[in-house]
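Structural features, examined
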Amino acid sequence: MVVAPSPVVSDATADAPSPTRIRVPRRRATTRRRRTELLLGVFALVTTTFGYALVQLADAPDLPPDLWAILAGVIGLFVVAHLAVRWLAPDADPTLLPLAAFLTGFGFLVVARLDEDLARVQAVWAAVGVVAFVVTLAVVRRIRTLERYRYTFLLLGVLALVLPLFPGLGAEINGARLWVRLGPLNFQPGEAAKVLLVIFFAAYLVDKREMLSTGTRWVGRVALPDPKYLGPLLLAWGASLLIMVRQKDLGSSLLFFAVFAAMLYIATDRGSYLLIGFGLFAGGAVIAYQLFDHVQTRVSTWIDPWPVAQDEGFQLVQSMFAFGSGGFAGAGLGLGNPTTIPNVATDFVFSAVGEELGLVGGIAVVAVVLLLCGSGYRIAVQAARPFPKLFAAGLTTIIGVQTFVIIGGVTRVIPLTGVTLPFVSYGGSSLVANFVILALLLRISDDNARVRVAGPAGAATSGAPPMTTSPPSATAPPARPR
Amino acid sequence: MPESALTLLKFVFLALVYLFLFFVVRVVVRELRAPVLAPAGPGGPNPRRVEAPRAFAVLQVVAPEARVGERVEITDEITVGRGGGCALVLVDDHLASRVHARVFRRGKDLLVEDLESSNGTFVNGRRIDRTTRLARGDRIQFGQTVCDVQR
């Protein structure tokens, strides 16, 4: 349960004399973290801008005239985000922002190589993303505020999911109805729904995890929790899947499914949920395969793209050619031919990386995402309270699963479903949503640095197995021998 | 530009990317090694160096006028309030609660926690809403009583 905030008697506070203000020097660890963040970020962006120069050099003999402006622009954007962290989350983890900056800068360079016009739009979206980042850090001052409004977020999340289905508001692009058109602006509210629904799931699971982790109904040797508590989950789950299947957005359905299963598992520490989740997924997949033509096409092109290499399989086949011609170290930036792949700047951006920078470049991108996820899970592990813990894990899982789904898709490990490669792919809504995720993770990380010292002062720390890894209570100081 | 030069520059680019990865990994290792928790167990990190318990920090009263200069030593934990059981008794401070706050140590940190007092506890002029770390020179206010942190 969330403890209601203790009412503050306003006139009594007004009575209190205003105490004198003193400047306190920042803690050394804090300043070191921020300095590291700044150095890493600038290094990352100088590197990606160097890559951008290489792309331009492949076509023209001279360095592009706007190179210094671009370098100043990207570093300026990064510094804005960095200063916001300094001001609003000074104790936060120093690796997240530079890793995201690298991916964004890298995405910009790849998109610029594929389509100059898209790159310009992407740059604007990156600026919007940084604004969203700063606003999120500024508005969400305490992560437990989000926990309190869980049902509001559920409502908003579901609303965001169904928004594109409204006639006159929604628009169908590339066969998927996930867009909302507002004047000149197209965006995918589903990207926002991801974050909103993860807030709800984290808050709900924290509330009910004890009921969910103790089974009361036995099915064979497996104890299932009371359907009363599982029901809302299944409902939300099924509804989001249904909506997305109607919108023909298989990638997001898969993403939601995986994220919710992972969160259920983390909240309850019961491996059976992974099994149940996998079973539900397999069942759902079979049903979807029977019911929907486009699912059948996806699967058959995945198993054997060659007979349809000129039609449905064209993208996938071209993607494989791209990886093949890229080889170990790639053709070189600007020297490959990745533009033959349809939608290369969004879904197939990793194929372009594979062609021009080869296995070495592809592994680097995967490594950066892994480090990003590693930092995210580290923040989750360090969180003392259950809600931030689960929330951080859920947000990180979004990024991780999304990366797996799209890289797995374009390399033909799993059937192709269109999602963006976080921070790298062209796509405004996705970029902005990812920056919001980043800001929330940094907020939790900053809270950790304080709460960690304070110990489990919160009301909700007692309880189920996986959440009790909190530091020893502050009320039991280490015994000192006399 | 000749293709050989571009290929060379491509490797420079990839090398820079991997250098970035290396730097990040180094920072991650540093973050992981940083003490997440205060060293538990008797005697701190070195059990052989057993010292007599001495004051970990001192609170020195700077206001109100009548009590300036009073000192309270903190070894493990003290409570502050109007109540008679507190280590720092805030007599006649009608803005203080009976058990107003506690100041305690955790490892190397000195912390203050407001015990749901009516008028709050302030550190350097800011009302605290969670357990807050104190540094030397910080100024804490309970009710109308103000203390300096010395350690």
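Further up the page is the structure itself.
A few words now on the overall build of chain B. Across its full length, chain B holds one helix and eleven strands. A burial count over chain B gives 43% of its 151 residues as buried. Within the structure as shown, chain B displays about 8000 Å² of accessible surface, and the carbon and sulfur contribution to it stands at 55%.

Within this structure, the stated rule accounts for 17 aromatic pairs over all chains. Ring centres of Phe-256 of chain A and Phe-260 of chain A lie 5.5 Å apart, and the angle between their planes is 90°; on these two criteria the pair is classed as edge-to-face. One end of the pair, Phe-256 of chain A, and the other, Phe-260 of chain A, are both in helix H10 (residues 250-268), four residues apart, so they sit about a helical turn from each other. Pair check on accessibility: Phe-256 of chain A and Phe-260 of chain A agree, each one buried. Linked through ring pairs, Tyr-151, Phe-200, Phe-201, Tyr-204, Phe-256 and Phe-260 of chain A together constitute an aromatic cluster. When the ring centre of Phe-104 of chain B is taken as reference, the NZ or CZ atom of Arg-102 of chain B above it lies at 3.9 Å. Arg-105 of chain B extends its terminal NZ or CZ atom over the ring of Phe-56 of chain B, reaching a point 4.3 Å from the ring centre.

Right, let's get into a positive patch on the surface. Residues and elements named next belong to chain A. On the surface, a cluster of positive charge is contributed by Arg-28, Arg-32, Arg-35 and Arg-86. The element that contributes the greatest number of residues to the positive patch is helix H2 (residues 28-59), accounting for three residues. Here Arg-35 shows up in helix H2.

Another aspect to go through is the sheet that holds strand E5 (residues 101-106) of chain B. Residues and elements named next belong to chain B. The strand order across the open sheet formed by five strands is E4-E3-E5-E6-E9, and the pairing between neighbours is mixed. Here the strands that pair on one side only, and so sit at the sheet edges, are strand E4 (88-89) and strand E9 (132-134). With three bridges joining them, strand E6 (residues 109-114) and E9 adopt antiparallel strand pairing. Within the sheet, the bridge partner assigned to Val-112 lies in E9 and is Thr-132.

Soluble globular proteins tend to bury their nonpolar side chains together. Formed by 130 residues in total, the largest nonpolar core has its most connected members in Phe-106, Phe-133 and Phe-391 of chain A. Discounting chain neighbours no more than four positions away, the residues touching Phe-391 of chain A are Ile-143, Leu-146, Val-198, Ile-199, Ala-202, Leu-440 and Ile-444 of chain A.

All names here are of chain A. Together, Asp-59, Asp-66, Asp-115 and Glu-116 give the surface a local cluster of negative charge. Tracing the backbone shows Asp-115 in the loop between helix H4 (96-114) and helix H5 (116-139). Of the residues examined, Asp-115 reaches a relative accessible area of 31% and is grouped as partly exposed.

Residue and element names in this part refer to chain B. The buried count for strand E11 (residues 145-150) comes to five of six residues, which makes it a mostly enclosed element. Pairing analysis gives five bridges linking strand E1 (residues 57-63) to E11, with the strands arranged antiparallel. Bridge pairing in E11 places Leu-59 opposite Val-149. Looking at chain direction, strand E10 (residues 139-142) and E11 are connected through four bridges and run antiparallel. Within E11, the position partnered with Gln-141 by the bridge is Val-146. Joining the antiparallel neighbours E10 and E11 is a turn of two residues, in which Gly-143 adopts a positive phi near 55°.

Residue and element names in this part refer to chain A. Looking at the element boundaries, Thr-104 is found in helix H4. Residue class for Thr-104 comes out buried when judged on its relative accessible area of 13%. In this view, Thr-104 contacts Ala-126, Phe-423, Leu-431 and Phe-435; residues no more than four positions away in its chain are not counted.

Turning our eyes to something else, we now look at helix H13 (residues 314-326) of chain A. Residue pairs three or four apart in sequence face the same way in an α-helix, which turns once every 3.6 residues. Residue and element names in this part refer to chain A. With 13 residues, H13 ought to run about 18 Å at 1.5 Å a step, and its terminal C-alpha atoms sit 18 Å apart, in line with that. The set of residues buried in H13 consists of Gln-315, Leu-316, Val-317, Gln-318, Ser-319, Ala-322 and Gly-326. Buried positions along H13 lie against helix H12 (293-303), helix H14 (349-382) and helix H15 (386-410). Remark: Gly-327 follows H13 within two positions and exhibits a positive phi of approximately 65°.

It is worth spelling out the environment of Leu-442 of chain A at this point. All names here are of chain A. Position of Leu-442 among the secondary structure elements: in helix H16 (residues 428-454). What makes Leu-442 buried here is its relative accessible area of 0%. On a C-alpha basis, the gap between Leu-442 and Phe-260 in space is 22 Å, while along the polypeptide they are 182 residues apart. Beyond its immediate stretch of four places on either side in the chain, Leu-442 contacts Val-85, Ala-89, Ala-92, Asp-93, Leu-96 and Phe-133.

With that out of the way, let us pick up the pairing of E1 of chain B. Two elements, E1 of chain B and strand E2 (residues 71-74) of chain B, share four bridges in a ladder whose sense is antiparallel. Bridging from a neighbouring strand, Gln-60 of chain B pairs with Arg-71 of chain B of E2 of chain B.

All names here are of chain A. Packing of helix H3 (residues 67-88) against H5 leaves a shortest axis separation of 10 Å and a crossing angle of 5°. It follows from the interaxial angle that H3 and H5 lie roughly parallel. Contacts between H3 and H5 involve Leu-77, Val-80, Ala-81, Ala-84, Val-85 and Leu-88 on the former and, on the latter, Ala-126, Ala-127, Val-130, Phe-133, Val-134, Leu-137 and Ala-138. The class makeup of the residues in the contact of H3 with H5 is 13 nonpolar, no polar and no charged.

Cut-offs and rules
- Residues numbered from 1 in each chain as written.
- Chains lettered and ligands numbered in written order.
- Predicted model: local features only at pLDDT ≥ 70, side-chain atom pairs only at ≥ 80, totals over all residues.
- Heavy atoms only, no water.
- Helix = DSSP H or I, 4+ residues; strand = E, 2+ residues; numbered from the N terminus.
- Buried < 20%, exposed > 50% of the residue type's maximum accessible area, 1.4 Å probe, protein only.
- Areas by Shrake-Rupley, 256 points an atom, 1.4 Å probe, with all protein chains shown as cover.
- Phe/Tyr/Trp six-rings, centres within 6.5 Å; stacked < 30°, edge-to-face > 60°.
- Lys NZ or Arg CZ within 6 Å of the ring centre and 35° of its normal.
- Patch = residues over 30% accessible without salt bridge, like charges linked within 9 Å, V, L, I, M, F, W, Y side chains within 5 Å.
- Salt bridge = Lys/Arg side-chain N within 4 Å of Asp/Glu carboxyl O.
- Lys, Arg positive; Asp, Glu negative; His and termini not counted.
- Charge placed at Lys NZ, Arg CZ, Asp CG, Glu CD.
- Pairing = 2+ DSSP bridges.
- Core = buried A, V, L, I, M, F, W, Y, C linked by side-chain atoms within 4.5 Å.
- Contact = heavy atoms within 4.5 Å.
- Expected span 1.5 Å × (residues − 1).
- Axes fitted to C-alpha atoms, helices over the stretch in contact; angles between N-to-C directions.
- Parallel < 35°, antiparallel > 145°, perpendicular 65-115°, else oblique.
- Nonpolar A, V, L, I, M, F, W, Y, C, P; charged D, E, K, R; others polar.

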